[in-house]
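Chains, contacts and geometry: an overview
What follows is each chain in one-letter form.
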Amino acid sequence: MNNKTAYPKAWLFVLPVVALVAFNALIPLMTVVNYSVQETFGNNVFFFEGVKWFEEVLNSERFHASLLRQLAFTGIILAIEIPLGVAIALTMPARGIWASVCLVLMALPLLIPWNVVGAMWNIFALPEIGLLGQMINGMGIDYNFTQQPMAAWFTTILMDVWHWTSLVVLLAYAGLRSIPDAYYQAAKIDGASGWAVFRYIQLPKMKRVLTIAVLLRFMDSFMIYTEPFVLTGGGPGNATTFLSIDLVKIALGQFDLGPAAAMSLIYFLIVLLLSWVFYTLMMRDEEQ
Amino acid sequence: MARISLQNLRHSYLDTPRAEADWALKSMNMDWSDGGAYALLGPSGCGKTTLLSIISGLLTPSEGRVLFDGEDVTDIPPDQRNIAQVFQFPVVYDTMTVYDNLAFPLRNRGMAEADLDKKVREIAAMLDLEDTLKKRASGLTADGKQKISLGRGLVRSDVSAILFDEPLTVIDPHLKWILRSKLKELHQRIGTTMIYVTHDQTEALTFADQVVVMHEGTVVQIGTPVDLFERPKHTFVGHFIGSPGMNVLPCTLEGATPYFDGIPVPTEHPAPGNGGAERLEIGVRPEFVSFAEDGIPVEIVRLSDAGHYQIVDLRHGEHLIKLLAPEGAELPSEAAHIRFDPSHTRIYADGWMMG
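Going along each chain's sequence as written, the residues are numbered from 1 onward. Chains and ligands are labelled by the order in which they are written, letters from A for the one and numbers from 1 for the other. For a predicted model such as this one, the threshold for reporting local features is a pLDDT of at least 70, and the threshold for listing and counting side-chain atom pairs is 80 or more; totals across whole chains, interfaces and linings nevertheless cover every residue. As a rule here, side-chain values cover all heavy atoms of the structure and leave hydrogens and water aside.

**Details of the overall build of chain B**
Put simply, the rule reads: Only DSSP runs of H or I covering at least 4 residues are called helices, and only runs of E covering at least 2 are called strands; the numbering of each starts at the N terminus. For each residue, the accessible area found with a 1.4 Å probe, counting protein chains only, is set against the maximum for its type, and the residue is called buried under 20%, exposed over 50%, and partly exposed in between. Values of accessible area rely on a 1.4 Å probe in the Shrake-Rupley scheme; residue burial ignores everything except the protein chains shown.
Scanning chain B for helices and strands turns up eight helices and 22 strands. Principal-axis analysis of the C-alpha atoms places the extent of chain B at approximately 75 × 50 × 30 Å. For chain B, the residues scored as buried account for 51% of the 355 residues in total. Of the accessible surface of chain B, which amounts to about 15900 Å², a share of 49% is contributed by carbon and sulfur atoms.

Structure (structure tokens):
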């Protein structure tokens, strides 16, 4: 069957999609590429600079510090949210009215606009008036997230865990519910312990959804902007200045278009690379 | 090895069953002898899987007791009951190799690796799984996976019964036959009690020594395949077993002789009286209906060729009767008469065989 008919007009049918992708992805990306290799002093006058901005960004201590903070933040929230999400999903009822109640409760944090989450936690954690701030200080611990870097980190991580663990829970729960009863029954007959059931049945069956959960949480947390911006504004000092916050400072605060564009591209490549690494690692056994 | 007895067993999935229909299993007493090959046969929803789960211990019956060799195991969990079960969809532990899958039940019971290795290899050889021992179980075909499920039961030397819940459902037709013969062979070799749930009569009749036919939560007949064919105790068994199923026609009794639509039907199994039944019927299989000079007048409605025989649909008034004729047999023209073989014509009162 190799007698394909050439039909040149077919290109017309894919044209709308090509145009759409070009306008919402390719053209803006190319603009950034364009900025990243040029210098401007205003008046719409540009000079070609080659890879100067890339070298500058890659060698800047400020970028290193933001990247390190970002990696630490993402590492911590993944280490908390993935196991916690799986643990909660395991304890949720499989069916009945309580299953629905749990699901709705779990979905609630995901429905709140991100800047509202930031504002909520800002007020919640204020040492003078916030419930959380008052409680922690009431326990005799000196806590003020607007002044102490550790407290700022603690609050930001707690906020992210509150906001996003639900996503992991919902995905893990969906994975768990797709396991047929026969697996549990067979395990019972085989004399498997609760841990063995988790290790050899539940975890392998959740693998695909957990891969998605890790990828989503990685990408989202690596690009986090709104919530810490509203909560801490990147402070105190630069303590919670993650990559996105730093990027906005450079691009819109200082209006350094060239370095900001170069940083955007490096940022994008890091996200792409790490996502690929995660995906490859988690899907490694799938091929065999 | 064990004899399994069910005493006054009843089960309902409802907390407070009221009507008779609320019971998924109606009251039953039954003995499964040690080393037997049994098939539990019935349509979907007849309670056969419920019964199997009660025997395996995955389900605790609402009422009654389950005894293994006279010992009450009703409240003992499945892993301590010494049974193995193969499910409809193959259950394998995906991340493990075939070897580890087979070793899993033994490891859970703390067997030493050296003994375990010997046992696993022995069972793998029995099931023709030797070449795949090092492979990941998830990569096997459905029949390979089903063999692993079975193997996990066979490796345990303490298993007294192996239960099968429609194990061939997802197997390709040409492999079904091979796997079924393998099961039969294994049963002869190891002599463990096997209980095989299915809705496929061919599977049941070829596998089992004793077939247990279930209908609406009740066991309607236990017997050899020949029993079920020649002496169906209930009209349901007559319908369900055989292709096409038994003809069931309303009748009246005058003395001991049944009459169908005013025509006497001779039988070697006369009824001693109607026993107060509301409904009296004659049951005769299509195999034992033949054309005759006189008897019941019928007209031929349709003829279907089923290979080495033909199925003739006949009509007498509003009643449809099926007849099996040999391939290429000369059929009478429109107006014909049929007779029933008296030795295979039976009378049923409210569905149950009389005499």
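Still more to cover.
**Brief notes about the environment of V120(B)**
Residue and element names in this part refer to chain B. Under the convention used in this document: Any two residues having at least one pair of non-hydrogen atoms within 4.5 Å are treated as being in contact.
Inspection of the secondary structure puts V120 in helix α3 (residues 113–126). It is 27 Å that separates the C-alpha atoms of V120 and L52, two residues lying 68 residues apart in sequence. Leave out the neighbours within four places in its chain, and V120 touches Y99, L102, A103, L106, L133 and V155.

**Considerations on the pairing of strand β19 (residues 319–326) of chain B**
Residues and elements named next belong to chain B. Heads up, the rule is: Think of it this way: DSSP has to see at least two bridges between two strands before they count as a pair.
As paired elements, strand β18 (residues 309–316) and β19 share eight bridges and run antiparallel to each other. Note on β19: the bridge partner recorded for Y309 is P326. Count of turn residues in the β18/β19 antiparallel hairpin: two residues, of which G317 carries a positive phi of about 60°.

**Focus on the interface of chain B and chain A**
Inclusion rule: Note on terms: buried area is the combined drop in 1.4 Å-probe accessible area of two parts once they are placed together, counting the loss on both. By definition, a salt bridge exists where a carboxyl oxygen of Asp or Glu is found within 4 Å of a side-chain nitrogen of Lys or Arg. The term polar contact refers here to a pair of N or O atoms within 3.5 Å; inside protein, the definition further demands a hydrogen-donor-capable atom paired with an acceptor-capable atom, and it admits residues adjacent in sequence only when both atoms are side-chain atoms. Charged residues are taken to be Asp, Glu, Lys and Arg, nonpolar residues to be Ala, Val, Leu, Ile, Met, Phe, Trp, Tyr, Cys and Pro, and polar residues to be all remaining types, Gly included.
Taken together, the contact between chain B and chain A spans 21 residues of the former and 18 residues of the latter. Interface of chain B and chain A: buried area, both sides summed, is about 1700 Å²; carbon and sulfur atoms make up 61% of it. Run the count over chain B and chain A and you get two salt bridges. A salt bridge links K205(A) to D94(B), with the nearest nitrogen and oxygen atoms 3.0 Å apart. Counting across the interface, chain B meets chain A through seven residue pairs in polar contact (both at pLDDT 80 or more). Of all the elements in the fold, those that place two or more residues in the side of chain B that touches chain A are β6 (83–86) and α2 (98–108) of chain B. For the side of chain B that touches chain A, the residue count by class is twelve nonpolar, three polar and six charged.

**Quick word on the nonpolar core**
Stated formally: Residues grouped as a nonpolar core are buried Ala, Val, Leu, Ile, Met, Phe, Trp, Tyr and Cys residues, joined through side-chain atoms within 4.5 Å.
Counting residues in hydrophobic clusters, the biggest one holds 82 residues, and the most contacted among them are L6(B), M28(B), W32(B), L51(B), I55(B), I195(B) and M214(B). With eleven residues, helix α9 (residues 194–222) of chain A is the single largest residue contributor to this core. Look past the residues within four positions of I195(B) in its chain and what remains in contact with it is I4(B), W32(B), Y38(B), L40(B), L52(B), I55(B), I162(B), L163(B) and F164(B).

**Focus on the domain arrangement of chain B**
Residues and elements named next belong to chain B. Using the following cut-off: All domain edges in this entry derive from an automatic or database-based domain assignment.
Splitting chain B by domain gives domain 1 (4–235) and domain 2 (250–353). One C-alpha centre belongs to domain 1, the other to domain 2, and the line joining them spans 39 Å. The interface is formed by nine residues belonging to domain 1 together with ten residues belonging to domain 2. For the interface between domain 1 and domain 2, the tally reads zero salt bridges. Viewed at the interface, domain 2 and domain 1 are joined by five residue pairs in polar contact (both at pLDDT 80 or more). Here the side of domain 1 that touches domain 2 gets three residues from one element, more than from any other, and that element is helix α7 (residues 225–230). Residues that form the side of domain 1 that touches domain 2 fall into these classes: four nonpolar, two polar and three charged.

**A short note on the pattern of salt bridges**
With the rule as written, the count across this model stands at 24 salt bridges over all chains. For R217(A), the salt bridge is made with D220(A), and the minimal N-O distance between the two is 3.9 Å. Here the residue R217(A) and the residue D220(A) both occupy positions in helix α9, the gap between them amounting to three residues, near one helical turn. Note that E122(B) and K119(B) form a salt bridge whose closest N and O atoms lie 4.0 Å from each other. With E122(B) and K119(B) both in helix α3 and three residues apart, this pair spans about one turn of that helix. Classification of E122(B) by relative accessible area gives partly exposed; the value is 40%.

**Some points on the packing of helix α3 (residues 61–91) of chain A against helix α11 (residues 243–253) of chain A**
Residues and elements named next belong to chain A. Our working rule: Interaxial angle, 0 to 180 degrees, is taken between N-to-C directions of lines fitted to C-alpha atoms, where a helix line uses only the stretch in contact. What sets the label is the angle itself: under 35 degrees gives roughly parallel, over 145 gives roughly antiparallel, 65 to 115 gives roughly perpendicular, and the rest give oblique.
Direction vectors running N to C along α3 and α11 enclose 150°, while the axes themselves pass 8 Å from each other. Relative to α11, α3 is oriented roughly antiparallel. For the pair α3 and α11, contact is made by R62, F63, S66, L67 and Q70 and by L243, S244, D246, K249 and I250, respectively. By residue class, the composition of the contact of α3 with α11 is four nonpolar, three polar and three charged.

**Brief notes about the layout of surface pockets**
The condition is simple: Grid spacing is 1 Å over the protein atoms alone, the probe is 1.4 Å, and a cavity is where that probe fits but cannot get out, while a pocket is an open set with protein on both sides within 12 Å along at least five of seven lines and lining residues have an atom within 4 Å of a point. Grid points are joined across faces, edges and corners, and a volume is the space filled by probe spheres set on the points.
Estimated volume of the second largest pocket: approximately 380 Å³. What lines the second largest pocket is a set of 19 residues, among which D181(A), A182(A), Q185(A), L58(B) and F87(B) lie closest to the centre. Looking at the lining of the second largest pocket element by element, the count peaks at six residues for helix α8 (residues 181–189) of chain A. For the lining of the second largest pocket, the residue count by class is ten nonpolar, six polar and three charged.

**As for the sheet that holds strand β12 (residues 252–254) of chain B**
All names here are of chain B. On the basis of which strands lie adjacent, the open sheet formed by three strands has the order β12-β13-β14 and antiparallel pairing. Looking at strand neighbours, the two that pair on one side only are β12 and β14 (263–264), the edges of this open sheet. Here β12 pairs with strand β13 (residues 257–260) via three bridges, running antiparallel. Within β13, the position partnered with T252 by the bridge is Y259.

**Regarding the domain arrangement of chain A**
If you check the domain split of chain A, you get domain 1 (1–30) and domain 2 (62–287). Taking the mean C-alpha position of each, domain 1 of chain A and domain 2 of chain A sit 37 Å from one another.

**Comments concerning the pairing of strand β15 (residues 280–284) of chain B**
All names here are of chain B. For β15, a buried count of five out of five residues is recorded, marking the element as mostly surrounded by other parts of the structure. What you see with β15 is no split at all: L280, I282 and V284 on one side and E281 and G283 on the other are buried throughout. Of the pairings in the sheet, the one linking strand β11 (residues 247–250) to β15 comprises four bridges and is antiparallel in character. Considered in β15, the bridge of P250 is made with E281. Of the pairings in the sheet, the one linking β15 to strand β21 (residues 346–349) comprises four bridges and is antiparallel in character. Each residue of the ladder has a partner; that of L280, found in β21, is A349.

**Examining the side chain of K182(B)**
Residue and element names in this part refer to chain B. Structurally, the position occupied by K182 is in helix α5 (residues 173–190). A residue is classified by how much of its surface remains accessible, and K182, at 13% relative accessible area, is buried. A distance of 2.9 Å separates the side chain of K182 from the backbone oxygen of M126, its partner in a polar contact. Among residues more than four places away in sequence, those in contact with K182 are M126, L127 and D128.

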